[in-house]
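Fold and contact review
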Amino acid sequence: MKKAILLLMAVVGLMAANAQQHVEFKWHRMYGVAGYAFTTNINSLQYSYGSSDDPQVFNDKASIQGIYAVGGWQIRKESGIGLGVEFMKDMSSGYTMLPVFVEVRSHFLRNQVSPFTSAYVGYAIPLGFSGMGADYVKIDQGGATWGLSVGARYAINRKMGVSAFIGYQGIFLNRVNFYHEGGLEVGEPRLMQNFKLGVGFNF
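This one's a predicted model, so the numbers in the text were calculated from it and none came from an experiment. (Residues numbered from 1 in each chain as written. Predicted model: local features only at pLDDT ≥ 70, side-chain atom pairs only at ≥ 80, totals over all residues. Heavy atoms only, no water.)

1. Section: the overall build of the chain
For clarity, the threshold we go by: Helix and strand definitions follow DSSP, with helices as H or I runs of at least four residues and strands as E runs of at least two, each counted in order from the N terminus. Only protein chains enter the area calculation, which uses a 1.4 Å probe; residues under 20% of their type maximum are buried, those over 50% are exposed, and those in between are partly exposed. Contacts are assigned to residue pairs that have any heavy atoms within 4.5 Å of one another. All accessibility values rest on the Shrake-Rupley procedure with a 1.4 Å probe; residue burial counts only the protein chains present in the view.
From N to C terminus, the chain includes 1 helix and 11 strands. Going residue by residue from the N terminus, the α and β elements of the chain occur as α-β-β-β-β-β-β-β-β-β-β-β. Buried positions account for 43% of the 203 residues belonging to the chain. In the chain, once contacts between residues fewer than 6 apart in sequence are set aside, the share between residues at least 24 apart is 65%. With an accessible surface of roughly 10100 Å², the chain has 63% of that area assigned to carbon and sulfur atoms.

The structure is reproduced here in structure tokens:
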């Protein structure tokens, strides 16, 4: 996570250092964004198992790295609507998935540096990956995803730019299986409330 935060800070610093120039990014027709994002849950992911005489609790933490791409159409100078996909790879547990979503992206200034927001809803598709070790989880059924990001875009020229953002993402998975020593112990819905940050290339 430290590397992701440092990368985010470097992009923001670059945008601030060059903010005195005036370059208006393109605002009409198609737009695209692609980049890297880091996601981690801010709520507790607990799985209770075992007998009533000897109850056990497994606490899980997701540290997810992802690559995303969005393509859309500028409705007006300030706003556009797009279709996106993100490959989210959980490096240690079993929350690897492929969200597909629709977003509304809004930029608020016509300057070289512009703040923006992105609101999105979609569906997270499980990819069949499971965690490691004696106790692990695996997504059995996907579910709805939604979120809001805020950030800034720096226009290199009218057709290319870079951006950085932070935000919240919710993912409601209809069924997540918890395995203890190779055997299925619990299968239940799970809500992930995530903190997210990332960088992107705008075109």
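2. Let's talk about the layout of surface pockets
For clarity, the threshold we go by: Cavities and pockets were defined on a 1 Å grid built from protein atoms only: a cavity is a group of points that admits a 1.4 Å probe but offers it no way out, a pocket is an open group of points flanked by protein on both sides within 12 Å along at least five of seven lines, and a lining residue is one with an atom within 4 Å of any such point. Grid points are joined across faces, edges and corners, and a volume is the space filled by probe spheres set on the points. Classification used: nonpolar for Ala, Val, Leu, Ile, Met, Phe, Trp, Tyr, Cys and Pro, charged for Asp, Glu, Lys and Arg, polar for all others including Gly.
For the largest pocket, the calculated volume is near 240 Å³. Along the wall of the largest pocket there are 18 residues; nearest its centre are Lys26, Trp27, Lys77, His107 and Arg153. Residue assignment for the lining of the largest pocket shows that the elements contributing at least two residues are β1 (30-41) and β6 (97-107). Counting residues per element, the lining of the largest pocket draws most heavily on β1, at 3 residues. Split into classes, the residues belonging to the lining of the largest pocket amount to 7 nonpolar, 4 polar and 7 charged.

3. Remarks on the packing of aromatic side chains
Convention followed: Pairing of aromatic rings covers Phe, Tyr and Trp, the last counted by its six-membered ring, and requires centre-to-centre distances within 6.5 Å; plane angles under 30 degrees mean stacked, over 60 mean edge-to-face, and any other angle means tilted.
Enumeration according to the criterion identifies 8 aromatic pairs in this entry. Consider the rings of tyrosine 47 and phenylalanine 58, whose centres lie 6.4 Å apart with planes at 40°: the pair is tilted. Here tyrosine 47, found in strand β2 (residues 45-50), pairs with phenylalanine 58, found in strand β3 (residues 55-60); they are 11 residues apart in sequence, far enough to count as distant. Residue tyrosine 47 shares its accessibility class with phenylalanine 58, and that shared class is buried. With a centroid separation of 5.1 Å and 45° between ring planes, the pair formed by tyrosine 49 and phenylalanine 178 is classed as tilted. Separated by 129 residues along the polypeptide, tyrosine 49 in strand β2 and phenylalanine 178 in strand β10 (residues 161-180) bring together distant segments of the chain. Assigned by exposure class, tyrosine 49 and phenylalanine 178 land together as buried.

4. As for the nonpolar core
Quick reminder of the rule: Working definition of a nonpolar core: buried Ala, Val, Leu, Ile, Met, Phe, Trp, Tyr and Cys residues. They are joined through side-chain atoms within 4.5 Å.
One finds Tyr95, Met97, Leu173 and Met192 to be the most contacted residues of the largest nonpolar core, which totals 18 residues. Residue assignment for this core shows that the elements contributing at least two residues are β2, β8 (135-141), β10 and β11 (183-202). Once residues lying within four places of it in the same chain are set aside, the contact partners of methionine 192 are Asn43, Leu45, Ala62, Ile64, Tyr95, Met97, Gln169, Gly170, Ile171 and Leu173. With 9 residues, the next largest nonpolar core counts Tyr31, Tyr68, Phe101 and Phe165 among its residues.

5. Some words on empty space enclosed by the protein
Taken as a whole, this structure holds 1 cavity of 30 Å³ or more when the rule is applied. Here the largest cavity is characterised by a volume of approximately 180 Å³. Lining the largest cavity are 14 residues; nearest its centre among them are Tyr68, Arg105, Tyr120, Ser149 and Phe165. Contributing elements (two or more residues each) for the lining of the largest cavity: β4 (63-74), β6, β7 (113-126) and β10. When the residues that make up the lining of the largest cavity are grouped by side-chain class, the tally is 7 nonpolar, 3 polar and 4 charged.

6. Looking at the pairing of β11
The condition that has to hold: The pairing criterion for strands is at least two bridges between them, as found by DSSP.
In the sheet, β1 pairs with β11 via 9 bridges, with the strands oriented antiparallel. Directly across from phenylalanine 38, in β11, lies its bridge partner leucine 197. In the sheet, β10 pairs with β11 via 18 bridges, with the strands oriented antiparallel. Looking across to β11, one finds that isoleucine 171 is bridged to methionine 192.

7. Digging into the pairing of β4
Here β1 runs beside β4; their pairing, made up of 11 bridges, is antiparallel. If you follow alanine 37 over to β4, its bridge partner there is glycine 66. Between β4 and strand β5 (residues 79-90), which follow one another and run antiparallel, lie 4 residues.

Nothing here speaks to function; it is all geometry.
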